[in-house]
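One letter stands for each residue in the lines below.
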Amino acid sequence: MTKPIRRSITMPDGWGGLDTEVLDEVCAKALAEHSCPSVSIGVAEGDELVLARAYGLADIAADRPATTRTAYGLASVTKAFTATAVCLAADDGLLDLDAPIPGTFAGTAPTVRQVLQHRGGFPAFYNFHYGPGPLPIDIGDYRALVREPGTDFEYSNIGYAALGSLLESVTGRRLGDLLRERIFEPLGLRSFGYGPAYDGPAPVAQRYSAGGRPYPTCFSAHSAAGAGWASAGDVALFARRSAGLLTPATAAAGYDAVAISEHLGYGFGRIVSRGAGPLIRSHGGGMGGIAAMMIEVPERDLSVAVLANSTSKAARDAVVNHLMAVLAPGFRAEQVNPMTEQVRPMALAAGEWAGEISTVEGDIPLRITVLPEGRVEIALDGAPAVTAPAGASQRWDLRVSAPLQLPTADARLNSPHLALELRTDQGGLVGRAVAFKDGDQEGLLGAYLVHPCVLHSR
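Residues numbered from 1 in each chain as written. Predicted model: local features only at pLDDT ≥ 70, side-chain atom pairs only at ≥ 80, totals over all residues. Heavy atoms only, no water.

*Asks:* So what exactly am I meant to see when it comes to empty space enclosed by the protein here?
*Replies:* Summed over the entire model, instances satisfying the criterion amount to two cavities of 30 Å³ or more. Considered as a void within the structure, the largest cavity measures approximately 110 Å³ in volume. Around the largest cavity, the lining residues are Ala83, Thr84, Cys87, Ser242, Ala243, Leu246, Thr250, Ala251, Gly254, Tyr255, Phe268 and Arg270. At the level of elements, helix H2 (78-91) and helix H8 (248-255) are the ones that each hand at least two residues to the lining of the largest cavity. For the lining of the largest cavity, the element with the most residues is H8, which contributes four residues. When its residues are assigned to classes, the lining of the largest cavity shows seven nonpolar, four polar and one charged. Within this model, the second largest cavity holds a volume of roughly 50 Å³. Around the second largest cavity, the lining residues are Gln114, Val115, His118, Arg119, Gly120, Gly121, Phe122, Glu154, Ser156, Gly159 and Tyr160. Elements supplying a minimum of two residues to the lining of the second largest cavity: helix H3 (112-116) and helix H4 (157-171). Looking at the lining of the second largest cavity, its residues break down into three nonpolar, six polar and two charged. (1 Å grid on protein atoms, 1.4 Å probe; cavity = no way out; pocket = protein on both sides within 12 Å on 5 of 7 lines; lining within 4 Å. Points joined across faces, edges and corners; volume = space filled by probe spheres on them. Helix = DSSP H or I, 4+ residues; strand = E, 2+ residues; numbered from the N terminus. Nonpolar A, V, L, I, M, F, W, Y, C, P; charged D, E, K, R; others polar.)

If you want it as structure tokens, here you go:
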């Protein structure tokens, strides 16, 4: 069994019904079964950290163990920090939550509130890059709104990048310095770092692919959405303490989450559960070598953070599910996952559609043929056709993914798969074509590039 690194924290016997020996066994098993180098846990009750534990290796090559002081990459948990900074700026009178964000848009500009809630109309996007020099993929090429602001939810790093730029403009401070000075230092939290590489005072966890290869320093154009670092204990304490930095009205607005499914709503950098079970406020994070989760259970005055240094979320989720089953009976995994769509069989009739994928390099011809037994043939720009199983969801009448290379310079860098998400519209199919990389078992995660797509029946 992986020996836990213990921190000197007093925890009453039987606190929360949590048996730490069982927890040790669960964590050791999760690391072994899912080939995860390490995991770190923080649990806060009230304003105090009541449990901290770490397991495994922060750095495999150096044989350096993870400790409760180790800082981990947080990926999208960073959005909760950025959202809190936006709220602080609103309380200071530096910005208006219902004013448009700066920028040039073809139609109505989204408001700060809409962007905080991922309802600004921006598409999904990431452009991870691992080399020196300027980023090869320009975020501006993918910034056009894909829907009218306020009409629907779409999780977008582009929106949070815009919030980061706005914060720097109205405060005159670099975002990393602002987060440290206005949030982490006032809350008494010491491990915070911000940027492509950790710049804080704590030991840091090396990031690893799902197959165990170390990740180099990762750059992106959306640091405000995912470039935070901290220890598990500090993340748990942030979850409990951060609302105290804000006026009561602003703090309440941050939890006023617009529904995105029957189980969830999204507020300001917080996912808020709906329906049965205990009220859960949370945010997860995942990217190359990072699997993070921050959860608050307000009716218990309780928060939990689980951080791992692997792209695979399997070990993180196993530990989260064990902790939450004990500490918040009635917890369900769907209370913290905003990306889950209810799937259904594809119901499109057999037939053929042809049209274009719109890219910054021009339109690319696409043809799809719906075949029997839920399969689709895809022919892209004269390349050999590929057949793949297809499905549908509550939002899309056709969802299919195949190992097809979109022939643009951006996609050729490290996005060798193509996904189509289309819905019927006046006899045609409209939606998006996404160039991406399917995991990091081979190589490193690439970019996620969304392009408009329109097809017509033939």
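*Asks:* It is not clear to me how the packing of aromatic side chains should be interpreted in this structure. Could you clarify?
*Replies:* Here a ring pair, both rings aromatic, is described through the centre-centre distance and the interplanar angle of the planes. As enumerated under the stated definition, the model contains 14 aromatic pairs in all. With a centroid separation of 5.7 Å and 55° between ring planes, the pair formed by Tyr130 and Tyr215 is classed as tilted. With Tyr130 in the loop between strand S6 (126-127) and H4 and Tyr215 in the loop between strand S7 (193-194) and helix H6 (223-226), the pair connects residues that are 85 residues apart, well separated along the chain. You can call Tyr215 buried: its relative accessible area is 5%. With centroids separated by 6.2 Å and ring planes inclined at 5°, the aromatic side chains of Phe184 and Phe238 adopt a geometry described as stacked. (Phe/Tyr/Trp six-rings, centres within 6.5 Å; stacked < 30°, edge-to-face > 60°. Buried < 20%, exposed > 50% of the residue type's maximum accessible area, 1.4 Å probe, protein only.)

*Asks:* In this structure, what is going on with the side chain of Arg281? I would like to understand it.
*Replies:* Examined against the element boundaries, Arg281 turns out to sit in strand S12 (residues 281-287). For Arg281, a relative accessible area of 17% puts it in the buried group.

*Asks:* Got a minute to help me understand the pairing of strand S13 (residues 290-297) in this structure?
*Replies:* Here is the key point about a regular strand: its side chains alternate between the two faces of the sheet. S13 sits mainly inside the fold: eight of its eight residues count as buried. Pairing geometry for S12 and S13, over seven bridges, is antiparallel. Bridging across to S13, Met287 finds its partner in Ile290. Linking S12 back to S13 in an antiparallel pair, the connection comprises two residues, with Gly289 at a positive phi of about 80°. Pairing of S13 with strand S14 (residues 302-308), which is carried by seven bridges, proceeds in the antiparallel orientation. Among the inter-strand pairings, Glu296 is bridged to a residue of S14, identified as Ser303. (Pairing = 2+ DSSP bridges.)

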